[in-house]
Amino acid sequence: MSATYRAVNWNAHKKKYDLIALACVALFVAVYVGVGSLVFRGNGAISAPVLAIRALGVCAVVMLHVVLMIGPMARLTHLAAPLLYNRRHLGVMTFVVALAHAALATLYYGSFGGANPLTVVLTMSGSGASPGAFPFVVPGAVALMVLFLMAATSHDFWLANLGAWWWKWIHMGVYGAYVCIVGHLALGVMQSEKSVVYLVMILVGAGLLSGLHIAAGVRAWKRDARTDDAVQGWIDAGALDAIPMGCAISVRARGHAPVAVYRHEGGVSAIHGVCAHQGGPLAEGRVVGGCVTCPWHGYQYKPEDGCAPAPYDDKLATHEVKVVDGRVMVRIEGDSR
Amino acid sequence: MAGMDWFLAILGGYLAIGAVFAVAFVTRGAERIDANARGAGWGFRLMAVPGSAALWPWLAMKWARPRRVVTLTPRDTLAHRRVHLLAWCVIPLLVVAIVAWGWLGGVDPTGVGAVSP
């Protein structure tokens, strides 16, 4: 990419998305605190700060589930693509909500006595050999640190300088954060309140996430495993009619990177199938405004020459393509032309 | 508690050095290692502060010996996708094990194993 960095590359869609997400967070916390103060009254009353701590904590957990669902959903259906384009903003918001939960909890539970509040909170636990004896705040703090690292390195500056490969490995730490949060809940609130509601919510959440990820992963695995033999450098990508207008199919010759074969108003084009931004699968994208658009973050390339529109200067390799008896043939000789 | 105090002191020291480094890095260093940071506004520079404070040893090395980044043909993310799939085959097992321990592992006799109203 060659364009001066800006703090946030907002456009009308992203602003709308962020406003809706912020409104949802505010509404969730307000409803949780409001309903909680109505339901828990009398002897079982929960104080307002504790309700706020819980509301922010539950909100962060729900947001993390949504963030984790967006990726596989976008691989299973194009309808989730707009969510994927804006996932980074939702991830940063999740960190901010989790940080508010942690800050309030530290101030509320850790400010008794003269000790360091962070030390008090991080060592909070019961006694004996029960799960309640585990310092349950520690996994929560580890998860918060992972979310911080992800939010802090979410800008494209970090992606460009760490490199897509390392950046993606760092950001896969979110899976570890998710497991830590399950530990934080199971060894924390589930110990003081043996409510079946927590049990069901955690298990349903985990089932939904793993089901979506496995379904999307198996689909991608099958597609990635398929390779086609080239005959004199030409590979049969399939029937032209099988490619919907504005969409693509992926072909991969043995020993070569995948190629995205797009059908668009100008005909058929074949370009390198891996986005220069984060390595997104271009064959799963669409033609938007005359450009091939990556399904992950909306990076664009002109189908005829693989060049990104100005002011960007990325260029992906293109491949010669021809249609013979209604079948699309792609020439694959190396990765560039 | 002493162990936790030591850990927090070391972490605090690391981040304090990082905060000082970050101020210098976002004002001078970022554009040395990345041409796209030249002329960038204060919004971008402020956003780069937390990451710079967290990753300061690595950034300090990059700043000391800036290397031109060579853009290559982007690599396929096959390995990442397979790790995603593998991870989500293992994560449900971990979740069930943790939740089962929390649910069936007995009750804390002191009752202070978790936050209470």
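Worth saying up front: this structure is predicted, and the values here are computed from it rather than measured.

Conventions we followed
Residues numbered from 1 in each chain as written. Chains lettered and ligands numbered in written order. Predicted model: local features only at pLDDT ≥ 70, side-chain atom pairs only at ≥ 80, totals over all residues. Heavy atoms only, no water. Salt bridge = Lys/Arg side-chain N within 4 Å of Asp/Glu carboxyl O. Helix = DSSP H or I, 4+ residues; strand = E, 2+ residues; numbered from the N terminus. Pairing = 2+ DSSP bridges. Buried < 20%, exposed > 50% of the residue type's maximum accessible area, 1.4 Å probe, protein only. Arc of directions from axis to C-beta. Contact = heavy atoms within 4.5 Å. Axes fitted to C-alpha atoms, helices over the stretch in contact; angles between N-to-C directions. Phe/Tyr/Trp six-rings, centres within 6.5 Å; stacked < 30°, edge-to-face > 60°. Buried area = accessible area lost by both parts, 1.4 Å probe. Polar contact = N/O pair within 3.5 Å; in protein donor to acceptor, adjacent residues only side chain to side chain. Nonpolar A, V, L, I, M, F, W, Y, C, P; charged D, E, K, R; others polar.

A word on the pattern of salt bridges
Residues and elements named next belong to chain A. Counted under the stated rule, the structure contains five salt bridges over all chains. Among the salt bridges present, the one from Arg327 reaches Asp236, with a minimum N-O distance of 2.9 Å. With Arg327 in strand 10 (residues 327-331) and Asp236 in strand 1 (residues 234-239), this pair connects stretches of sequence that are 91 residues apart.

Observations concerning the sheet that holds strand 7 (residues 300-301) of chain A
Residue and element names in this part refer to chain A. The strand order 5-6-7 describes an open sheet built from three strands, whose pairing is antiparallel. In this open sheet, the two edge strands, each paired with only one partner strand, are strand 5 (286-288) and strand 7. Examined bridge by bridge, strand 5 and strand 6 (residues 291-293) share three bridges and lie antiparallel to one another. Paired with Val287 across the two strands is Val292, which belongs to strand 6.

Section: helix 3 (residues 56-64) of chain B
Among all positions of helix 3 of chain B, only Trp56, Leu59 and Lys62 of chain B are buried. In an axial view of helix 3 of chain B, the angular spread of the buried residues amounts to 120 degrees, which keeps them on one side of the axis. With respect to the buried face of helix 3 of chain B, the exposed residues turned more than 90 degrees away are Met61 and Ala64 of chain B. In this structure, the buried residues of helix 3 of chain B make contact with helix 7 (156-162) of chain A together with helix 1 (2-33) and helix 2 (42-54) of chain B.

Looking at the sheet that holds strand 1 of chain A
All names here are of chain A. Reading across from one edge, 1-10-9 is the order of the three strands in this open sheet, with antiparallel pairing throughout. Each edge of the open sheet is held by one strand with a lone partner, namely strand 1 and strand 9 (321-324). Across this sheet, the average inter-strand angle for adjacent strands is 30 degrees, counted without regard to direction. Pairing of strand 9 with strand 10, which is carried by four bridges, proceeds in the antiparallel orientation. Across the sheet, Val324 pairs through a bridge with Arg327, a residue of strand 10.

What about the packing of aromatic side chains?
Both the distance between ring centres and the angle between the ring planes are used here to describe each pair of aromatic rings. In the structure shown here, the tally under the stated rule is 15 aromatic pairs over all chains. Each ring, one from Phe157 of chain A and one from Phe44 of chain B, has its centre 5.6 Å from the other, and the planes form 70 degrees; the classification is edge-to-face. On the criterion of chain membership, the pair formed by Phe157 of chain A in helix 7 and Phe44 of chain B in helix 2 is interchain, its members lying in two chains. The same class applies to Phe157 of chain A and to Phe44 of chain B, which are both buried. Ring geometry for Tyr14 of chain B versus Trp56 of chain B: centroids 5.5 Å apart, planes at 40 degrees, classification tilted. Here Tyr14 of chain B is found in helix 1, whereas its partner Trp56 of chain B is found in helix 3, with 42 residues between them in sequence.

Some details on the side chain of His184 of chain A
Looking at the secondary structure, you find His184 of chain A in helix 9 (residues 173-186). When sequence neighbours within four positions are dropped, the list of residues in contact with His184 of chain A reads His101, Phe136, Val137, Pro139, Gly140 and Val189 of chain A.

So, the interface of chain A and chain B
Contacts between the two partners involve 89 residues from chain A, matched on the other side by 64 residues from chain B. When the buried area of chain A at its contact with chain B is split by residue, Tyr5, Trp158 and Asn161 of chain A rank highest and sum to 9% of it. Here chain A and chain B share zero salt bridges between them. Scanning the region where chain A abuts chain B turns up nine residue pairs in polar contact (both at pLDDT 80 or more). At 16 residues, helix 11 (residues 196-225) of chain A tops the list of elements feeding residues into the side of chain A that touches chain B. Grouping the amino acids of the side of chain A that touches chain B by side-chain chemistry returns 55 nonpolar, 25 polar and nine charged.

Shape descriptors only; they carry no functional weight alone.
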